[in-house]
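This is what each chain is made of:
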Amino acid sequence: MKIVKFIFTALALLWLFITILIMVQVAILILPILFISKKHYTEWILFTFALICSFGVYPISFIYAAIKWKGFLNYLRKLSLSIDITGNMVAGALLNDNFITSNSVHKFGVVQETISDNLGENERDHTLSVFGKRFTNLLGVIDFDHAKKSIVED
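Okay, so let's go over this structure. (Residues numbered from 1 in each chain as written. Predicted model: local features only at pLDDT ≥ 70, side-chain atom pairs only at ≥ 80, totals over all residues. Heavy atoms only, no water.)

1. Digging into the overall build of the protein chain
Stated formally: Secondary structure elements are defined from DSSP: runs of H or I of at least 4 residues count as helices, runs of E of at least 2 residues count as strands, and each element is numbered from the N terminus. Radius of gyration means the value over C-alpha atoms here, while the globule rule gives 2.2 Å times the residue count to the 0.38 power. Per-residue accessibility, obtained with a 1.4 Å probe over protein chains only, is compared with the maximum for each type, and a residue is labelled buried under 20%, exposed over 50%, and partly exposed between these values.
Looking only at helices and strands, the protein chain has eight helices and zero strands in total. Along its sequence from the N terminus, the protein chain presents helices and strands in the succession α-α-α-α-α-α-α-α. By the compact-globule yardstick of 15 Å for 154 residues, the protein chain is too spread out, its C-alpha radius of gyration being 20 Å. Each of the three principal axes of the protein chain carries a C-alpha extent, and together these read 50 × 50 × 25 Å. Within the protein chain, the proportion of its 154 residues that are buried is 30%.

The structure is reproduced here in structure tokens:
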């Protein structure tokens, strides 16, 4: 297992080095933004770094966790929750326009909330659009009453 640990650590460090090399070029490419706003420049640099780094480190880490296997199913559950929260942030505007009615008070895109939680709250309040109802029904095929079970009271 020590060799596997070494190999995956080396792969992650190699990807981090590649990310830094790419980031130097990105930083130079978007340098004009610095003259407009230092805050905007910093936000773009951090976002780009996180995005590029995740493209390599995430698969490496996932495969390593699968090889280790101990606690892998719990890892998958936590990973699913993380993806759900991230999806809510990334697709919030799109989901607000397509999955809920205009009179809904439970909007997508809120930090630390899941898509499932928002769907459950809107299902409970009868503020899902046709697309929202269909998506909730699809989730219900995978996990019965998934949206309702996902409601976390604020």
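Now, onward.
2. With respect to the pattern of salt bridges
Basically, it comes down to this: Salt bridge, as used here, is a side-chain nitrogen of Lys or Arg placed within 4 Å of a carboxyl oxygen of Asp or Glu.
Counted by the stated rule, this structure contains two salt bridges. Between Asp-125 and Arg-124 there is a salt bridge, and its shortest N-O distance comes to 3.1 Å. With relative accessibility at 31%, the residue Asp-125 sits in the partly exposed group. Taking the relative accessible area as the measure of exposure, Arg-124 reaches 37% and is therefore partly exposed. Among the ionic pairs, Asp-143 bridges to Lys-149, the shortest N-O distance being 2.8 Å.

3. Focus: the packing of helix α3 (residues 38-68) against helix α4 (residues 72-90)
For clarity, the cut-off: Only the stretch in contact is used when a helix axis is fitted, and all axes are lines through C-alpha atoms; the angle between N-to-C directions ranges over 0 to 180 degrees. An angle below 35 degrees is read as roughly parallel, one above 145 as roughly antiparallel, one from 65 to 115 as roughly perpendicular, and any other as oblique. Handedness of a crossing is defined here by the sense of rotation of the near helix relative to the far one, left-handed for an anticlockwise turn of less than a right angle and right-handed for a clockwise turn. Contacts between residues were defined by any pair of non-hydrogen atoms, one from each residue, lying within 4.5 Å. All residues other than Ala, Val, Leu, Ile, Met, Phe, Trp, Tyr, Cys, Pro, Asp, Glu, Lys and Arg, Gly among them, are scored as polar; the first ten of these are nonpolar and the last four charged.
Where α3 meets α4, the axes come as close as 9 Å, and the angle between the chain directions of the two elements is 150 degrees. Of the possible angle classes, the one that applies to α3 and α4 is roughly antiparallel. When you trace α3 past α4, the crossing you get is left-handed. Along its contact with α3, which presents Ser-61, Phe-62, Ala-65 and Ala-66, the element α4 presents Phe-72, Tyr-75, Leu-76 and Leu-79. Classifying every residue of the contact of α3 with α4 by side-chain character gives seven nonpolar, one polar and no charged.

4. Some remarks on α4
To be explicit about the condition: Expected helix span is given by 1.5 Å per residue-to-residue step, counting one fewer step than there are residues.
A rise of 1.5 Å per residue sets the reference length of α4, with its 19 residues, at 27 Å; its end C-alpha atoms lie 26 Å apart and thus fit the reference within 8%. Three or more residues of α4 are buried, namely Phe-72, Asp-84, Ile-85, Gly-87 and Asn-88. Looking at the packing, one finds that the buried side of α4 touches α3, α5 (92-99) and α6 (115-124).

5. Some details on the nonpolar core
As a rule of thumb, nonpolar side chains are buried together in soluble globular proteins. Spelled out, the test is: Nonpolar core, defined: a set of buried Ala, Val, Leu, Ile, Met, Phe, Trp, Tyr and Cys residues in which side-chain atoms within 4.5 Å join the residues together.
In terms of nonpolar packing, the biggest core is built from nine residues, these being Leu-95, Phe-99, Ile-100, Phe-108, Ile-115, Leu-119, Leu-128, Leu-139 and Ala-147. Listing elements by their share of this core, those giving two or more residues are α5 and α6. Beyond its immediate sequence surroundings of up to four residues, Ala-147 is in contact with Ser-116, Leu-119, Gly-120, Glu-123 and Thr-136. Met-23, Ile-30, Ile-45 and Ile-52 belong to the second largest nonpolar core, which has six residues in total.

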